[in-house]
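# Structural characterization, general
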Amino acid sequence: MSWWKPAVLYEVYVRSFADSDGDGIGDLSGIVARLDHLRGGPDSLAIDAIWLTPIHPSPLADMGYDVADYRAVDPVLGDLATFDRLVAACHDRGIRVLMDLVVCHTSVQHPWFAVAQSSRSDPHRDWYIWADPAHDGGAPNGWLAAFGGSAWSFDEATDQYYLHTFYPEQPDLNWRNPQVAAAIGDVVRFWRSRGVDGFRVEAFNVALKDESLRENPPPAGPASLPYGHRQYPLWNTDRPEVIEAAHTLRRAVRKGEPDPLLLGETYVPMERLGGYLGNRPGEAFDLVFDFEFLYAGWDADRLRFVVDRAEGLLPAHGWPCRALSSNDNPRHATRFGERALRAAAVLLLTLRGTPVLYMGEEIGMSDVLPPPGVSFDRAGRDACRSPMQWADEPGGGFTTGTPWLPLGDTHRINVSDQRADSASLLSLYRRLIAERHGSRARRRGPAEPRYAAGERRLRLSPRGGGR
Ligand code: NOJ
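Fair warning: this is a prediction, and the values are worked out from it, not measured in the lab. (Residues numbered from 1 in each chain as written. Predicted model: local features only at pLDDT ≥ 70, side-chain atom pairs only at ≥ 80, totals over all residues. Heavy atoms only, no water.)

Here the focus is the side chain of arginine 430. Topologically, arginine 430 is positioned in helix α13 (residues 425–438). Aspartate 43 provides the closest opposite charge to the buried, salt-bridge-free arginine 430, at an N-O distance of 4.3 Å. Beyond its immediate sequence surroundings of up to four residues, arginine 430 is in contact with Asp43, Ser44, Leu45 and Arg419. (Helix = DSSP H or I, 4+ residues; strand = E, 2+ residues; numbered from the N terminus. Buried < 20%, exposed > 50% of the residue type's maximum accessible area, 1.4 Å probe, protein only. Lys, Arg positive; Asp, Glu negative; His and termini not counted. Salt bridge = Lys/Arg side-chain N within 4 Å of Asp/Glu carboxyl O. Contact = heavy atoms within 4.5 Å.)

Structure follows, in structure tokens:
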């Protein structure tokens, strides 16, 4: 059985996990110092793998998802030697290490883009997606960027527009060019040789776009997933050919056995998700996030519906992968309310599939709104990225300096107090993970739904019709 099937994964938002040098920003040494919380220490959670958000040099237009150098570590976070130390320390404890792999775009400051931009005839030009202005000089078509505005920006020097699915500082790589896949394969091998066990491949559903740049139709109803609210992204999202690109990516990263884990961030409806897993294990992605689960809300009927959809629509070799919170969405403590957190933990950690925890959810951290005027993320996601609340002390045990984003209420919610309390949410997470690891049935399924028809309605009856 693949290691990741019975595993519990844990997303570390690197800048907010633990700061070792007092500059207020989490870093790699900070993670090393806090590994006891994750596995191998007294009362640790015993997760199986961490996924690190991007650690590369970046102008931070999208908080690191705009990579300027794939083979280096942002000096604010550490260096390659510290990274090696982190991987070794994790492996010593039985924690595997996953990195974010940003493949759909680079930073405008990446040397690949600099040369591509230098002239229309540069050999790297075709690593990105360029198009002539429309007749009126405007953008080549009306495609919108995920966070608003046109998906095109004009490059005056070469008189063409370049495409960016996200911010203008993130030019899209051209996955129709085989050199791009080969270059990303090299990046993967670079990190594999340093011991990295797998990758969360971001935004892959937008890796390919219609070559003739056909216009998107208007939205035809409420979007079930993000990015579909203002226009129906028919021609620049989840194109049928992207499945072949997922195969190409797998071939590009392959380096003998065992293959790295490829966990896809593919924001598509469940009907389409299975395609990204290929026709057999190891052909494309190993796992893909079920975003319908993350967006279901705290609604029993809706949750049951999306869990059933995953069970029914994933291919036979598929395996569900679910999270309730992430670096991109309001935390579920904020969305569901604190009273739901124990039941939510039981749900996430007992369903068949690979659960992905988001750092801090194990103690019930909520979103923390930055004060007016403080904003790092233009898409408004700072609140779910607040620093880890380790202890009830100045800096929250996160830093001895001033945290880059404000801390939540560390007096009420912190790791240290919950570790000492066997009735805490943290202790529940720990017990659920231990139970999961100890139970073959919980790890492997199969999942068979047991419907409790009407139960929810009866329980919620205002006239007291509960059982
Ligand atoms: C996925 C990342 O999680 C998100 O934070 C980022 O904005 C998008 N990819 C675009 O890079």
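Moving on from the model shown.
Around the ligand sit 13 residues in total, of which Asp62, His105, Glu202, Asp328 and Arg381 are the nearest. Within the side chain of glutamine 170, an N or O atom sits 3.4 Å from an oxygen atom of the ligand. Here the ligand loses 100% of its free accessible area of 290 Å² to cover by the protein chains. For the shell around the ligand, the residue count by class is three nonpolar, three polar and seven charged. (Near = heavy atom within 4 Å. Polar contact = N/O pair within 3.5 Å; in protein donor to acceptor, adjacent residues only side chain to side chain. Areas by Shrake-Rupley, 256 points an atom, 1.4 Å probe, with all protein chains shown as cover. Nonpolar A, V, L, I, M, F, W, Y, C, P; charged D, E, K, R; others polar.)

Pairing is possible between side chains that carry opposite charge, provided their charged atoms lie close to one another. Counted under the stated rule, the structure contains 30 salt bridges. Between arginine 272 and aspartate 238 there is a salt bridge, and its shortest N-O distance comes to 2.8 Å. With a gap of 34 residues between them, arginine 272 in helix α7 (residues 270–273) and aspartate 238 in the loop between β7 (198–201) and α6 (242–253) connect regions that are remote in the sequence. With a shortest N-O distance of 3.0 Å, glutamate 311 and arginine 352 are connected by a salt bridge. Here glutamate 311 is found in helix α9 (residues 300–313), whereas its partner arginine 352 is found in the loop between α11 (341–350) and β11 (354–358), with 41 residues between them in sequence. Given the relative accessible area of 19%, arginine 352 is considered buried.

Turning our attention to the environment of serine 2. Of note, serine 2 is situated in the segment before β1 (9–12). Judged by its relative accessible area of 30%, serine 2 is partly exposed. Sequence spacing of serine 2 and aspartate 286 is 284 residues, and the spatial spacing of their C-alpha atoms is 9.5 Å.

Here the focus is unusual backbone geometry. Non-glycine residue aspartate 159 carries a positive phi angle of around 60°. If you trace the backbone, aspartate 159 turns up in the loop between β5 (152–155) and β6 (160–163). If you check the backbone angles, leucine 213 has positive phi at about 55° while not being a glycine. Secondary-structure assignment places leucine 213 in the loop between β7 and α6. Residue leucine 213 is classed as partly exposed on the basis of its relative accessible area, which comes to 22%.

What follows is about the pairing of β1. As a general feature of sheets, a regular strand has side chains that alternate between the two faces. Here β1 shows two buried faces, one formed by Leu9 and Glu11 and the other by Tyr10 and Val12. When β1 meets β11, the two strands line up parallel, connected through three bridges. Bridging from a neighbouring strand, tyrosine 10 pairs with leucine 357 of β11. (Pairing = 2+ DSSP bridges.)

This part takes up the packing of α11 against α13. At a minimum axis distance of 10 Å, the contact between α11 and α13 shows a crossing angle of 20°. Taken together, the axes of α11 and α13 are roughly parallel relative to one another. The hand of the α11/α13 crossing is right-handed. From α11, Leu341, Arg342, Ala345, Val346, Leu348, Leu349 and Thr350 reach across to α13, where they touch Leu425, Leu428, Tyr429, Arg431, Leu432, Ile433 and Arg436. (Axes fitted to C-alpha atoms, helices over the stretch in contact; angles between N-to-C directions. Parallel < 35°, antiparallel > 145°, perpendicular 65-115°, else oblique. Left-handed = near helix turned anticlockwise from the far one by under 90°.)

This part covers the sheet that holds strand β10 (residues 321–323). Taken in spatial order, the eight strands line up as β9-β8-β7-β3-β2-β1-β11-β10 in an open sheet, and their pairing is parallel. Each edge of the sheet is formed by a strand with only one pairing partner; in this case those strands are β9 (287–288) and β10. The pairing of strand β2 (residues 49–52) with strand β3 (residues 96–101) spans four bridges and is classified as parallel. Bridge pairing in β3 places alanine 49 opposite arginine 96. The sheet strands contacting helix α3 (residues 80–93) are β2 and β3, and the helix crosses β3 at an angle near 135°.

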